[in-house]
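Residue strings, one per chain:
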Amino acid sequence: MSSPSELIFFVNGKKVVEKNADPEEVLLSFLRRRAGLTGTKYGCGSGGCGACTVMVSRYSHHQARVVHYTVNACLQQIVTLHCAAVVTVEGIGSTKTKLHPVQERIAKAHGSQCGFCTPGMVMSMYTLLRNKPRPSMEDIREALGGNICRCTGYRPIIDGFKTFCDSETSACCQSGGGGKCCMENGIEGSKSLNSEESDISEELFPMDDLLPLDPSQDLIFPPELLIMEKKLSGEALYFQGQRVNLVAPSELSHLLELKAEHPSAPLVVGNTTIGPEMLLKGVHHPLLVYVGRIPELSAVTWGENGVTVGAACSLSTLKEELERAVSEMEESRTRGYRALLQTLQCLAAKQIRNMATIGGNLLSANPKYDLSSVSAAVGCTLHVASKDGTRDIPFNEKLFTAFGKTALRPNEVLLSINIPCSKPWEFVAAYRQAQRREFAFSIVNAGMKVVIREGTDIVESLNIYYGGVGPTLVRPGRTCQQLVGRLLTEACHFLKEDVDVSPSIHGGKGEYRKSLVFSFFFKFYMQVVLEMGERGVSDIDLPLEYLSALKPFKNEAPQGQQSYQLVSEAQPSVDPVGRPSMHQSAFQQATGEAKYYDDLPPVEGELFIFMVTSTRAHAKITNVDPSEALEMPGVVTVVSAGDVPGANVRLWFNNPEELFATEEIVCAVVAESREQARRAAQKVQVTYQDLLPVFFTIEDAIKHESYFEPKRKVERGDVDEALKTAECILEDEIYMGGQEHFYMETQGLIAVPRGENEEMDLFVSTQHGAFTQELVGMALGIESNKITCHVKRLGGGFGGKVMKIASLSAITAVAAHKTGKAVRCCLDRGDDMLITGGRHPFLGKYKVGYNSDGTIVAADIIYYSNGGCTLDESSFIMDKAILHMDNGYKIPNLRGRGVVCKTYLPSNTAFRGFGGPQGLMVIESVLHEVAVRCGLPPEKVRDVNMYREELSYTHYKQPFCPTSMVRCWDECLDRADYEDRLRAIQLFNSSNRWKKRGIAAVPQKFGVGFSKGFYNQGASLVNIFKDGSVLVTHGGTEMGQGIHTKAIQIASRVLKVPMSSIFIKETCTGNVPNAAPSAASFGTDAVGMAVKDACEKLMRRLKPLMEANPKNTWKQWASDAFFQKISLSATGFFMGPATNVDWEKGEGQAYYYFTYGACCSEVEIDCLTGDHKNIRTDIVMDVGKSINPALDIGQVEGGFVQGVGLYTIEELQFSPDGVLMTRGPSQYKVPSLCDVPAEFNVHLLANSENPHAIYLSKGIGEPPVFFASTLFFAIKAAIAEARKEKGLGDTFPLSSPATAEKIRMACQDQFTEMAIGGYHHVRQEGALLLSLISDGRDGDSVVHSGVSVLGPQGDKSGLVYRR
Ligand SMILES: Cc1cc2nc3c(=O)[nH]c(=O)nc-3n(C[C@H](O)[C@H](O)[C@H](O)COP(=O)(O)OP(=O)(O)OC[C@H]3O[C@@H](n4cnc5c(N)ncnc54)[C@H](O)[C@@H]3O)c2cc1C
Ligand code: FES
Ligand code: FES
């Protein structure tokens, strides 16, 4: 290899010259660790979250201009940035100079909660504006599709950014936006209850003083790069790393030589396949050849027969070219292009499409990649070249020899792909179904083309290709061949024989995949029949009720209304309590200035720790051999149980768990760099002796009677007696899967020994600093007064950063103690998902007695949760599930028993709602099923059973008043127009066969506070300085919920100083000791009261000065106080109520008070694919008198969207050996923008006051998660409608989450029957598809020559599509 080239690129206008650039170094680590630009975040390291989004600009020879595009910095190799300019969030604006309008608007619109996703969001939007200063909503939706936010629910981000759109496309007429009427847009908005609502506001942020978009503020493309780019073309670049070399030829001949010399060296362009393989799977390629600089590979040429696209063209370039063609060319010539475009729209996300190339997609030979099936169907041709010459290869299944392997010769490279135009009698379509509609790999994809003999309905050729049904691209050859000269109607018969999906297919879901094979073809068939009908060559009547099956769901940016009650006019304008105030650090978060633990600069000599995790579910570790790891470069030591100077335990309510354990963490490697530690950890040899039994599910735990203690029971009335009197009995069960927290910031910390008195500081991402401090002290054998935990902020927590982070901290502290150096621990996303546990799966088995009017007289429910291998918080979570089992219903005889199962899965832990969403789900299932059996709308049954008396009692005898809940329920159904929409849905369902809608509503009563009463306390420290500035500290941690902002509002009210003079720096165990965790929706209640208490003390001390000199300023009073020796520092304390439950008696005052609400959602499902769309959600929430309506609405929306994941998408998968398979965003899908209901309305209940909490407010963090169960029940209702079409009953099992697979398989029909092999109803050849069209009613059809005429009974109410 020649001598290394000098790498030159620009970052934020500054030139970077790297003499020894390493091909393994990605832009993200360069920015964060070497350029000190920590605004760009690590969320997953695999292109799946968008937290690392930056803008790259470079001169495009092809387009003869500078182009700007987003990339995922975690996959962008720096060596491929030669001559490029990178702009990060720090490069566009700052709080010190000037904010960029994008930064300002996301902050002001409350679009930044924990802030970890915010820089990525900002850069996606900024790049869009660089290319299109007046974007449409669709542009924004597309630009943000690859940015995941786990906090906000996306709506406020969209609201902030839509202010850049033309008012035509963005704002709602109803909200004074001056845009197109909502009704015309198909958005009806929540019905407003206008009576005495003049004090109701829908404005969450002021629109009048926003910074204008000023392109002159943008960094210009460095002229030096333009000159260099021209000068350099022709020169190859060479980069030599420690383990990997990269050559970047600029001439084709050189590339071909390289390929001949190094046939096994992969070609790389976007690095979106090779990168994750190398980074996450440890695949090692000593040499890479970058082909992005070769003009022939980047050219796009249009000819008579179509377009030829260079192999190194990005998918975005391909998409733009095809969009242009479709808008300019005749429709009949662009059918293939439309099919490709339809695929490209949902393929990955904008950032990935900007990086990924068409050549890389096709030649990765991965059947879940989408382009192969449609390209093969369209009839593309590959132009390949080698030193021996060029050749053209038809793109079809023969190209793929095995998973990841192609038939290209080792010395060949792909030059370009020819994509032909279609011809008049060609019909082309593409289909895909994924776990999530956008930004997810397809489960099955398909491309189909049929050529029909002109003027007939006879097949001339048929090309069908499937991806995702085998290890390579599959062409059902028999089907395609045998249909030539015949009719399309016969295809399904052949397909059944032709496509064999192995039950052991990678990724599972065999029957679902096979169902999709038929469903996709059926859709294609209908599409072709329709188009042929339009041309008058087919007499097949496609019933009108089938047509909606042909329309894919449209992804839309969410819109809606949010309303809250204004503060009274009597409230002084300077008092911020009750007003929508922006998150305290929103500007810092939007500019990337906000510091998270891993953004702190390295401490001199800092080391890194990487955990070695157990690969067995249940085994004894017989030997740990770290010798190979210790030999590796940079490795300093390995720490294990023997190194723990104190106790190797995590003590939790008398349940000790090991730190270095026989289960998850075996030992840990400490090295000079992260990469060294990671690589060395893989070399630690651990020998196991497997132990039996090993089981993972609740069912198996029940069989083995493997339970943790204590078991719980609560009973009201006499269940057994009442069951005898009930008119009907129902026995059933509902299973609900677990959930991964997927906070955007993975867990970690920096432990810094101070070198004196064994003191140690920890900068840690924890929700419970005091517990971390205590545990570190125990592990080190040091008292807590020498250990200080600092928590600036968390990039999301959701309950996941209470327990495990304490163990990680203790292990890291042991390493710091042993080495005497600062040690940093940052979990990779995969390890975070593996080690830290998640929400508990639950199984609820119930026996219910009810009457035919839907009244439930008795319910006996046993809850089983899957606690995993250790108890952790499982028993408290079970308590909460049982305490919430009555929800809003007065079931007179109610018994709940709770059992935590011990299995060999990683231990589960707290998650927002803490068992509430599971407990509530079971009772709502009971109500739903009873309603179905009574033939009543479920909402009527809910209504009939609801608590109504002003003095009601829970099943554990806690008194409460349900009036607010009933108000929320009534208002929600009213605002949602429930009755009218139910009728509209019934009409829709009767006139659509393959799309069905459902609607569901639930009320909610959610207990706030810890049932472990001693946790209900809060403390604060408020210091006033001589200059009048105020520093507040309290025990709560800021993780996006806005606890600091609310604390400042409270301090501002009491001290009567503006919020801008009050600051909260961090949460620190040295300032406020022994704090309770920030959890249980109780944070603001506890610390708010404590801050108020401290401020009131200070005001009492200052009162004499104020009265003596009433005209003085605050600053003068503060200064006077100092000179008069009045203390300006006060602690505040809040002793919360004595909540407790006597579990012997099953009664007590479990909660401080209840937060109430109601939610109504409507969904539409695609019965053929299992896809669903969340059409509309209305929530009415009682938060008492909100302290900050913007933050509270943010919590409602964010919690709801997290629930969308819980109840409909997020599915953890384990191997048969109990190994977690879903370890990153590629396999585990959390809701993205496309999952938010298209219309999403949130209203805070007016005229509600809660005398129990600070300023009459209520806690709100957890309750909204459960509201997304409405989607589950609406889906279930829609499935029932689909089943009715087949004459199936409307009682059927459906477990949560209601994934696409489950929806599809529950909508049983001919296709699912064929897929599961139960289809014996072989009809006369040629009639199968027709019979499907007449849907089992073919007895009434006359079938001749492939033409069907529906008889009178087949024609439902005249709804047959006739031409
Ligand atoms: C988060 C994420 C989401 C994704 N979602 C989807 C999705 O929904 N649908 C989908 O289809 N894909 C998806 N992908 C895959 C993505 O489309 C492919 O990784 C991409 O197209 C590969 O292109 P690349 O330039 O990055 O390839 P690279 O990683 O650079 O290279 C990939 C392979 O192609 C070979 N290769 C590349 N160019 C040539 C050439 N000219 N001649 C010979 N061989 C060549 C290389 O040798 C290498 O083996 C996703 C990827 C990520 C990271
Ligand atoms: S960190 Fe790059 S996409 Fe997640
Ligand atoms: S604000 Fe988006 S992830 Fe927290």
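What counts, and at which threshold
Residues numbered from 1 in each chain as written. Chains lettered and ligands numbered in written order. Predicted model: local features only at pLDDT ≥ 70, side-chain atom pairs only at ≥ 80, totals over all residues. Heavy atoms only, no water. Near = heavy atom within 4 Å. Polar contact = N/O pair within 3.5 Å; in protein donor to acceptor, adjacent residues only side chain to side chain. Areas by Shrake-Rupley, 256 points an atom, 1.4 Å probe, with all protein chains shown as cover. Core = buried A, V, L, I, M, F, W, Y, C linked by side-chain atoms within 4.5 Å. Buried < 20%, exposed > 50% of the residue type's maximum accessible area, 1.4 Å probe, protein only. Helix = DSSP H or I, 4+ residues; strand = E, 2+ residues; numbered from the N terminus. Contact = heavy atoms within 4.5 Å. Axes fitted to C-alpha atoms, helices over the stretch in contact; angles between N-to-C directions. Parallel < 35°, antiparallel > 145°, perpendicular 65-115°, else oblique. Nonpolar A, V, L, I, M, F, W, Y, C, P; charged D, E, K, R; others polar. UniProt positions renumbered as here; feature names shortened; annotations may be inferred. Pairing = 2+ DSSP bridges.

## Some details on the site of ligand 1
Close contacts around ligand 1 come from 31 residues, with Val269, Thr272, Thr273, Thr357 and Asp370 the closest. A distance of 3.0 Å is found between an oxygen atom of ligand 1 and a backbone nitrogen or oxygen belonging to asparagine 271. For ligand 1, an oxygen atom lies 2.6 Å from a polar atom in the side chain of threonine 273. Protein burial of ligand 1: of its 980 Å² of free accessible surface, 94% is covered by the chains.

## Some words on the nonpolar core
Tyr466, Met526, Ile609, Met611 and Phe1200 are the most contacted members of the largest nonpolar core, which totals 259 residues. Per-element accounting of this core gives the leading share, 14 residues, to helix α19 (residues 510–534). With 79 residues, the next largest nonpolar core counts Phe30, Ala73, Val309 and Leu473 among its residues.

## Here we look at the side chain of lysine 996
Positionally, lysine 996 belongs in strand β40 (residues 995–1008). Polar contacts involving the side chain of lysine 996 include one to the main-chain carbonyl oxygen of asparagine 989, which spans 2.8 Å. The residues touching lysine 996, leaving out its near neighbours within four places in the chain, are Phe988, Asn989, Val1163, Glu1164, Ile1165, Cys1167, Ala1278, Glu1281, Ala1282 and Glu1285.

## Some details on the packing of helix α13 (residues 335–346) against helix α16 (residues 371–378)
Helix packing for two helices is described by the angle between their axes and how far apart those axes are. Close contact between α13 and α16 brings their axes to 10 Å; oriented N to C, the two are set at 180°. Compared by their axis directions, α13 and α16 come out roughly antiparallel. Side by side, α13 and α16 meet where Gly336, Ala339, Leu340, Thr343 and Leu344 of the first sit next to Leu371, Val374, Ser375 and Val378 of the second. For the contact of α13 with α16, a count of residues per class yields six nonpolar, three polar and no charged.

## Some points on the UniProt feature "domain: FAD-binding PCMH-type" (unreviewed entry) in the protein
Listed under "domain: FAD-binding PCMH-type" (unreviewed entry) in the UniProt record, and renumbered for this structure, are residues 239–424. Between the end C-alpha atoms of residues 239–424 the distance is 51 Å, and the span holds 36% helix and 25% strand.

## So, the sheet that holds strand β41 (residues 1017–1024)
Here we have four strands laid out as an open sheet, ordered β43-β42-β41-β45, and mixed in their pairing. Either end of the sheet is taken by a strand with one partner, and the two such strands are β43 (1062–1063) and β45 (1129–1135). Pairing geometry for β41 and strand β42 (residues 1030–1034), over five bridges, is antiparallel. The residue bridging serine 1020 from the neighbouring strand is histidine 1034, located in β42. The strands touched by helix α34 (residues 1083–1108) are β41, β42 and β45; relative to β45, the strand with the most contacts, the crossing angle is about 140°.

## Here we look at the sheet that holds strand β44 (residues 1067–1068)
Adjacent strands of a sheet pair through backbone hydrogen bonds, lying either parallel or antiparallel. Read from one edge to the other, the open sheet built from eight strands follows the order β24-β27-β22-β34-β31-β32-β33-β44, with strand pairing classed as mixed. Two strands lie at the open edges of the sheet, namely β24 (635–639) and β44, each paired on one side alone. Both strand β22 (residues 607–613) and strand β27 (residues 665–671) contribute to a ladder of six bridges, which runs antiparallel. Bridging from a neighbouring strand, valine 612 pairs with cysteine 667 of β27.

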